[in-house]
Amino acid sequence: MLVYRFRTWVLLLLVIFPDSSLSHFDSAKKKQMREKVRKMFYHAYENYMTHAFPHDELKPLSRSFTDSLGELGNLKLEHLPQNYNGTALTLIESLSSLVILGNCTEFERAVLWLSENLTFDVDARVNLFECNIRVLGGLVSAHILATDSTNRLVQGSYKNQLLVLAEDLGRRFLPAFDTPTGLPYAWINLKYGVMKNETTETSTSGCGSLILEMGALSRLTGDPRYESAALRALRKLWSMRSSLNLLGTTLDMETGEWIEHSSGIGAGVDSFYEYLFKAHILFGKEDFWRMFHSAYLAVQKYFRHGPWYHEADMRTGKATYWQLTSLQAFWPGLQVLVGDIAAANTSHREFVYVWKKFGVLPERYLLDHQMLHPTEKYYPLRPELAESTFYLYQATKDPWYMEVGETIVNSLNSYTKVEGGFASIRDVTTMQTEDHMHSFFLAETCKYLYLLFDDSFLVDRNYIFTTEGHPLPVLSAWQDRLPEIYIPSNWTYVKDEKQTKRSSAMSLQVCPALSLNAGNGEQLAESACHVPDARSDHKCFGDEECGVDSTSCRRRSCSMAGYCGLWLVV
Ligand code: DMJ
């Protein structure tokens with residue numbers, strides 16, 4: 001009997017924490033994958049340097065370039081001044097990845113080139129949010145890496161030039177914040193400031209995801225204006241939340257009125273949540289934590305539906321759009337940082353399922369119609385699934401996540417790799433490619449995949465990654481108050497119950513127990529309602545293969561990814 005019970009426990013533990021020896025991911029395989037990702041990075045980087053640099057981004061099919069930072073402001077190339085060379089965006093975005101890959105020589109070369117050639121004195125209307133996360137974040141992070149005494153990356157010749165450039169850019173941002181509400185304009189002309197008749201429409205991310213980069217700039221330069229401006233905007237935005245602690249997606253920055261009341265965790269909002277929590281880690285302010293805590297609980301309560309997240313109206317909490325979007329795939333990564341691993345794992349599986357179904361993640365999938373969005377079938381080489389996979393592997397060390405990484409790497413190589421770099425996918429049903437390699441492919445996609453297989457950069461170091469994947473060190477000198485260790489409890493709620501019920505794997509309620517006699521006089525407690533799933537790995541093809549949950553006594557159903565769980569049917 002003892003042997004039998006021991007075996008049951010071992011089997012149970014194997015289901016929960018699969019033994020790494022059962023995976024084909026031994027250290028040789030890990031090394032092989034790391035090298036595969038390294039090759040991908042250099043294939044993209046070298047093609048950019050050959051065909052696009054010093055312009056912003058590579059067009060891998062025509063082997064040409066695009067000055068996309070200007071285009072982000074709808075400024076077509078023909079409207080740019082003749083001598084406009086772009087801002088070498090992809091080079092700036094690659095800096096921290098070069099360090100993580102251990103290529104100090106190329107990092108040094110790039111830093112020196114930027115120091116001598118980069119100028120922001122260009123007549124280009126750029127998107128403040130994009131320019132902040134890509135350019136300011138890239139420069140600030142690279143400056144810290146270049147001056148970090150443990151790295152000794154740039155010998156002698158580095159005299160804080162990247163910080164000087166970052167400060168110049170930060171100063172050019174400031175006029176955007178000079179508004180009655182403190183909410184910034186979404187667009188700014190780098191040379192002339194806010195343009196006449198500039199649009200007053202902006203997004204939640206656009207106002208609420210500036211604090212990491214601008215805060216870091218203030219800490220590095222001692223000039224508080226950048227952090228103050230970003231903080232004022234964030235506080236104003238937070239004050240516009242509804243009584244349900246929800247925010248909308250777009251707003252008028254001049255009047256402080258919401259334009260789009262529906263929101264979720266994807267486009268236009270995503271990094272707002274991310275920055276509330278990461279600002280708490282980086283700057284330690286209790287306030288950030290309080291805002292994040294309320295915001296997170298509201299997301300879990302009003303947007304979550306089993307493993308998926310739909311959109312809801314901020315005023316009523318009523319569901320609006322039932323969509324799975326590629327950008328949402330960052331959420332499980334954030335949940336790992338917060339400690340809500342069970343919920344993270346559950347959603348991550350669904351994204352993996354969709355990735356496997358289409359070969360890559362489509363931009364938008366309509367959950368209620370079980371079909372792709374007719375005009376958003378594209379995949380622009382986004383990093384979010386790789387990012388969450390990296391975080392989940394770090395938290396669990398479950399080699400299954402490396403297998404997911406391998407799937408992503410293989411898909412990228414089969415569908416997006418072309419002679420001139422990596423191309424976006426225009427339509428995931430045909431895998432037709434598109435002539436664009438976004439800079440985030442080097443800043444994030446390759447970086448997170450590399451870190452999944454080789455995290456030596458992070459050993460004995462404490463970094464957080466910005467939303468664009470640029471590492472910033474967590475320094476006690478930057479912390480107004482060191483963050484406490486929060487032990488999450490009752491994070492994830494099941495909706496539509498008379499009384500909310502905790503459904504996190506860490507906080508389950510036990511339903512009425514049935515006492516069974518083990519035969520040897522010992523009493524075994526067994527759930528009265530429990531019906532096991534058809535298969536011990538909880539995989540399924542239909543609801544009928546899922547049993548009854550042993551702790552809540554609710555019928556389990558089969559999710560889109562084919563796993564039994566307490567999903568609510570859409
Ligand atoms: C990146 O620029 C950032 O990750 C941003 O937060 C969201 N979109 C892209 C990548 O998909």
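Throughout this document, residue positions are counted from 1 along each chain, in the order its sequence is written. Under the rules for a predicted model, residues below a pLDDT of 70 receive no local features and side-chain atom pairs below 80 are neither given nor counted, while totals for whole chains, interfaces and linings still include all residues. The side-chain values count all of the structure's non-hydrogen atoms but skip hydrogen atoms and water molecules.

1. A closer look at the overall build of the protein
Moving on, step 1. What the protein contains, in helices and strands, is 17 helices and 26 strands.
Moving on, step 2. When a residue's accessible area, from a 1.4 Å probe over protein chains only, is under 20% of the maximum for its type it is buried; when over 50% it is exposed; and in between it is partly exposed. Counting all 570 residues of the protein, 60% fall into the buried class.
Moving on, step 3. Long-range pairs, those at least 24 residues apart, make up 67% of the contacts in the protein with a sequence separation of at least 6. Comment: elements are numbered from the N terminus, with helices defined as DSSP H or I runs of at least four residues and strands as E runs of at least two. When checking whether two residues touch, look at their non-hydrogen atoms; a contact exists if any pair is within 4.5 Å.

2. Comments concerning the site of the ligand
Moving on, step 1. Residues are counted as near a molecule or strand when any one of their heavy atoms sits within 4 Å of it. Around the ligand, the neighbouring residues are Ile-133, Arg-134, Leu-327, Arg-382, Pro-383, Glu-384, Phe-440, Glu-444, Thr-467 and Glu-468.
Moving on, step 2. Under the rule applied, a polar contact is a pair of N or O atoms within 3.5 Å (in protein, one hydrogen donor and one hydrogen acceptor; residues adjacent in sequence only if both atoms are side-chain atoms). In the model, an oxygen atom of the ligand is placed 2.7 Å from a nitrogen or oxygen of the Arg-382 side chain.
Moving on, step 3. Between the ligand and Thr-467 there is a distance of 2.6 Å, counted from an oxygen atom to a side-chain nitrogen or oxygen.
Moving on, step 4. With residues, only the protein chains shown are counted as cover, and all accessible areas are computed by Shrake-Rupley using a 1.4 Å probe. Coverage of the ligand by the protein chains reaches 92% of its 290 Å² of free accessible surface.
Moving on, step 5. When contributions to the shell around the ligand are tallied by element, the ones reaching two or more residues are helix H6 (128-147) and helix H17 (440-453).
Moving on, step 6. When residues are grouped by polarity, Ala, Val, Leu, Ile, Met, Phe, Trp, Tyr, Cys and Pro land in nonpolar, Asp, Glu, Lys and Arg in charged, and all others, Gly among them, in polar. Taken together, the residues of the shell around the ligand sort by class into four nonpolar, one polar and five charged.

3. Here we look at the pattern of salt bridges
Moving on, step 1. The salt bridge definition used is simple: a Lys or Arg side-chain nitrogen within 4 Å of an Asp or Glu carboxyl oxygen. If you walk through the whole model with that rule in mind, you get 25 salt bridges.
Moving on, step 2. In this structure, the salt-bridge partner of Lys-29 is Glu-406, at a minimum N-O distance of 2.6 Å. Here Glu-406 lies in helix H16 (residues 400-416) and Lys-29 lies in helix H2 (residues 27-51), a separation of 377 residues in the sequence.
Moving on, step 3. With a relative accessible area of 14%, Glu-406 lands in the buried category.
Moving on, step 4. We note a salt bridge from Lys-397 to Asp-455, for which the minimum N-O separation is 3.9 Å. Here the residue Lys-397 occupies a position in the loop between helix H15 (384-396) and H16, and Asp-455 occupies one in the loop between H17 and strand E19 (463-465), the gap between them amounting to 58 residues.
Moving on, step 5. Taking the relative accessible area as the measure of exposure, Lys-397 reaches 41% and is therefore partly exposed.
Moving on, step 6. One salt-bridge network, held together by shared partners, links Arg-34, Glu-35, Arg-38 and Asp-454.

4. Quick look at the UniProt feature "active site" (unreviewed entry) in the protein
Moving on, step 1. UniProt positions are given in the numbering used here, feature names are shortened, and annotations may be inferred rather than shown by experiment. Mapped onto this numbering, the UniProt entry gives "active site" (unreviewed entry) at Glu-130, Asp-270, Glu-363 and Glu-384.
Moving on, step 2. Within the secondary structure layout, Asp-270 lies in helix H11 (residues 270-283).
Moving on, step 3. Contact partners of Asp-270, with chain neighbours within four places excluded, come to Ser-205, Ile-265, Leu-327 and Phe-330.
Moving on, step 4. A distance of 3.4 Å separates polar atoms of two side chains, one belonging to Asp-270 and the other to Ser-205.
Moving on, step 5. When neighbours within four sequence positions are excluded, Glu-363 is seen to be in contact with Leu-324, Thr-325, Ser-326, Leu-327, Glu-376, Tyr-378, Pro-380 and Arg-382.

5. Comments concerning the side chain of His-373
Moving on, step 1. Relative to the elements of secondary structure, His-373 occurs in the loop between strand E14 (371-372) and H15.
Moving on, step 2. Overall, His-373 belongs to the buried group, its relative accessible area being 18%.
Moving on, step 3. Dropping the residues within four chain positions of it, His-373 is found in contact with Arg-364, Tyr-365 and Leu-366.

6. Observations regarding the packing of aromatic side chains
Moving on, step 1. Pairing of aromatic rings covers Phe, Tyr and Trp, the last counted by its six-membered ring, and requires centre-to-centre distances within 6.5 Å; plane angles under 30 degrees mean stacked, over 60 mean edge-to-face, and any other angle means tilted. For the structure on display, the rule yields 26 aromatic pairs.
Moving on, step 2. Seen in terms of ring centroids, Phe-53 and Trp-113 are 4.6 Å apart; in terms of plane orientation they differ by 65°. Their pairing is edge-to-face. Here Trp-113 lies in helix H5 (residues 104-117) and Phe-53 lies in the loop between H2 and strand E1 (57-59), a separation of 60 residues in the sequence.
Moving on, step 3. Classification of Phe-53 as partly exposed rests on a relative accessible area of 22%.
Moving on, step 4. Take Trp-113: its relative accessible area is 26%, and that puts it in the partly exposed class.

7. Concerning the sheet that holds E14
Moving on, step 1. Strand order in the open sheet made by the three strands is E12-E13-E14, with antiparallel pairing throughout. The open sheet terminates on both sides in strands that have one partner only, identified here as strand E12 (323-325) and E14.
Moving on, step 2. Between any two strands, pairing holds if DSSP finds at least two bridges. Here strand E13 (residues 364-366) runs beside E14; their pairing, made up of two bridges, is antiparallel. Counted as the bridge partner of Tyr-365 is Leu-372 from E14.
Moving on, step 3. Here an axis means a line fitted to C-alpha atoms, over the contact stretch when the element is a helix, while the angle between two N-to-C directions is reported on a 0 to 180 degree scale. Each of E12, E13 and E14 is contacted by helix H14 (residues 341-358), which is oriented at about 80° to E12, the strand it contacts most.

8. A closer look at the packing of H14 against H16
Moving on, step 1. Close contact between H14 and H16 brings their axes to 11 Å; oriented N to C, the two are set at 30°. Taken together, the axis directions place H14 and H16 in an arrangement best described as roughly parallel. Crossing of H14 over H16 shows left-handed handedness. Taken together, the residues of H16 that come into contact with H14 (itself represented by Asn-345, His-348, Arg-349, Val-352, Trp-355 and Lys-356) are Trp-400, Tyr-401, Val-404, Thr-407, Ile-408 and Ser-411.
Moving on, step 2. Looking at the contact of H14 with H16, its residues break down into six nonpolar, four polar and two charged. When an angle is under 35 degrees it counts as roughly parallel; over 145 it counts as roughly antiparallel; between 65 and 115 it counts as roughly perpendicular; any other value is oblique. Helix crossings fall into two classes, left-handed where the near helix is turned counterclockwise from the far one by less than a right angle and right-handed where it is turned clockwise.

9. Description of the state of the cysteines
Moving on, step 1. Working definition: a disulfide is two cysteine sulfur atoms within 2.5 Å of each other. Scanning the model with the defined rule gives two disulfides in all.
Moving on, step 2. The disulfide that involves Cys-540 links it to Cys-558, with 2.2 Å between the sulfurs. The disulfide joining Cys-540 to Cys-558 has a torsion of about 100° about its S-S bond and is therefore right-handed. In this pair, Cys-540 sits in the loop between strand E24 (523-527) and strand E25 (557-558) while Cys-558 sits in strand E25, placing the two residues 18 residues apart along the sequence.

10. Observations concerning the sheet that holds strand E5 (residues 201-203)
To summarise the sheet geometry, strands pair through backbone hydrogen bonds and adopt either a parallel or an antiparallel arrangement.
Moving on, step 1. Spatially, three strands are ordered E5-E6-E7 in an open sheet, and the strand pairing comes out antiparallel. Each edge of the sheet is formed by a strand with only one pairing partner; in this case those strands are E5 and strand E7 (257-260). Put simply, the sheet's adjacent strands are angled 40° from each other on average, direction ignored.
Moving on, step 2. The pairing of strand E6 (residues 250-252) with E7 spans three bridges and is classified as antiparallel. Following the sheet pairing, Leu-251 is matched in E7 by Trp-258.

11. Quick notes on the packing of H15 against H17
Moving on, step 1. In the contact formed by H15 and H17, the axes pass within 8 Å of each other and the chain directions differ by 20°. With respect to H17, the axis of H15 lies roughly parallel. Here H15 runs over H17; the crossing is left-handed. Seen from H15, the contacting residues are Ala-386, Glu-387, Thr-389, Phe-390, Tyr-391, Tyr-393 and Gln-394; seen from H17, they are Glu-444, Thr-445, Tyr-448, Leu-449, Leu-451 and Leu-452.
Moving on, step 2. Here the residues of the contact of H15 with H17 sort into eight nonpolar, three polar and two charged.

12. Observations concerning H6
Moving on, step 1. Helix span, expected: 1.5 Å multiplied by one less than the number of residues in the helix. For H6, built from 20 residues, the straight-helix expectation of 28 Å at 1.5 Å per residue is met to within 8% by its first-to-last C-alpha distance of 27 Å.
Moving on, step 2. A large share of H6 lies buried, amounting to 19 of its 20 residues.
Moving on, step 3. Where H6 begins, one side-chain oxygen reaches toward the backbone nitrogen of Phe-129, 3.0 Å away; that side chain belongs to Asn-127.

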